[in-house]
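Listed below, chain by chain, are the residues.
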Amino acid sequence: MANNNVGLGKAKVNKKDEFNTQLNDIANEMRHYAPYFKGKTVLCNCDDPRVSNFFQYFALKFHTLGLKKLITTCYKNQDVDMFTEHKSERAIYLIYEGDKNGNGSIDPEEIGIHYLKGDGDFRSKECLALLEEADIIVTNPPFSLFRQFVKTLFDYNKKFIIIGHQNSMKYKDIFPLMQENKMWLGYGFKGGAAHFISRYEDTAVGGEHIEGMIRVSGVVWFTNLPVSKRNEELVLTETYSPERYPKYGNYDAIDVEKSLDIPKDYYGLIGVPITFFNQHNPNQFEIIGNTCDTTWCKNNGVGRIGEEVIAKLRRQGNKSHVTANMHSIYLIKDGKVTLPYARMIIKRKV
Ligand SMILES: C[S@@+](CC[C@H](N)C(=O)[O-])C[C@H]1O[C@@H](n2cnc3c(N)ncnc32)[C@H](O)[C@@H]1O
């Protein structure tokens, strides 16, 4: 079995943020948003535009999409190099405004190359000026700066389609944006994983390993543009029974491991994995809270675990960091204490 998360884990720890997205993955997602690009300025602000498939995609589709302008900035690099070494403190940005000479190709003289004063950091004043000018931001921001990147998009009130990791949905500052329907998941990668062009060591094995690529599981697209699957109702077939759907030991909600197992006749609080956002239709369910946020748990009725439960957990051989005073949800299942992973609390609306 491939250990698919190692690549991302390393990226976070070592701030290795150089993954490049494949053209077909970009095309697969963008095709759903075609009507929203008409007359718009697109900015790819975490890019190396001369090698990036984001630049390539939007330049190739410039006229089909009816774009007004394409701007891409690169970070700390002026050399055409797939994997930037960040050698230069000064970066460039490109502007493309279409096939001016009408020869059907993207000619070098049609691409305006401009120097940035600084290193191309998306938070710099000059990059923020480009952000201000843009209508839609499309990029794969560095995983290590994801929260800051999203905050910047909201500070500037921008439309966006960006790549991130599903784990970020449980972050204190990302979850509320999803809960309040200010951002949601896009259509996503096939099988919930993607191969990125990368020189980092890939731990995927067998058919999942592709030379020159790294496989990352749990990658998703986040957006605040309309996504049709959000209007589809989850078809529920299961029936509630207290035996099948036990409540948490310290919170008045049932635990459901898979979205499709949500009972059709239960209208109380339900704990589901954070990946439920993949199926979320805001007309069908209300998002109540995030059990990964200890402050939320404390303020919303999740009781302390307690000494007895912790003692039992330790007797079972569990060495996790939870302690008796913590307001973390737990379940007693078949006489055993279990700590469900990354749950959010939802409630049926209809
Ligand atoms: C995950 S890679 C994605 C690259 C490319 N957009 C793609 O997917 O094809 C993140 C990119 O962000 C760049 N980057 C890192 N820190 C940045 C910052 N502070 N501001 C802007 N870009 C940054 C990295 O150099 C890298 O090219």
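Residues numbered from 1 in each chain as written. Predicted model: local features only at pLDDT ≥ 70, side-chain atom pairs only at ≥ 80, totals over all residues.

It is worth spelling out the packing of helix α2 (residues 23-30) against helix α3 (residues 53-60) at this point. Packing of α2 against α3 brings their axes to within 9 Å, and their N-to-C directions diverge by 50°. By the angle between their axes, α2 is oblique relative to α3. For the element pair α2 and α3, the recorded crossing hand is right-handed. Residues Leu23, Ile26, Ala27 and Met30 of α2 form the contact with α3, whose own contacting residues are Asn53, Phe54, Gln56 and Tyr57. Tallied by class, residues from the contact of α2 with α3 come to 6 nonpolar, 2 polar and no charged. (Axes fitted to C-alpha atoms, helices over the stretch in contact; angles between N-to-C directions. Helix = DSSP H or I, 4+ residues; strand = E, 2+ residues; numbered from the N terminus. Parallel < 35°, antiparallel > 145°, perpendicular 65-115°, else oblique. Left-handed = near helix turned anticlockwise from the far one by under 90°. Contact = placed C-beta atoms within 7 Å. Nonpolar A, V, L, I, M, F, W, Y, C, P; charged D, E, K, R; others polar.)

Another point: the site of the ligand. In the region of the ligand, 20 residues are neighbours, and Asn20, Thr21, Cys46, Tyr75 and Asn140 sit closest. Each residue belonging to the shell around the ligand can be placed in one class, and the counts come to 7 nonpolar, 8 polar and 5 charged. (Near = placed C-beta within 6 Å.)

Pairing geometry for strand β2 (residues 69-74) and strand β3 (residues 92-96), over 4 bridges, is antiparallel. Note that in β3 the partner of leucine 70 across the bridge is tyrosine 96. Taken together, the 5 bridges between β3 and strand β4 (residues 111-115) define a ladder with antiparallel strand orientation. In the strand pairing of β4, isoleucine 92 is matched with tyrosine 115. (Pairing = 2+ DSSP bridges.)

Once that is clear, we can look at the sheet that holds strand β1 (residues 41-47). Spatially, the 8 strands line up as an open sheet ordered β4-β3-β2-β1-β5-β6-β10-β7, and their pairing is mixed. In the strand order of this sheet, the two ends are held by β4 and β7 (184-185), each with one partner. Strand direction decides the pairing type here: β7 and strand β10 (residues 219-223), joined by 2 bridges, are antiparallel. By the bridge assignment for β10, tryptophan 184 is matched with threonine 223.

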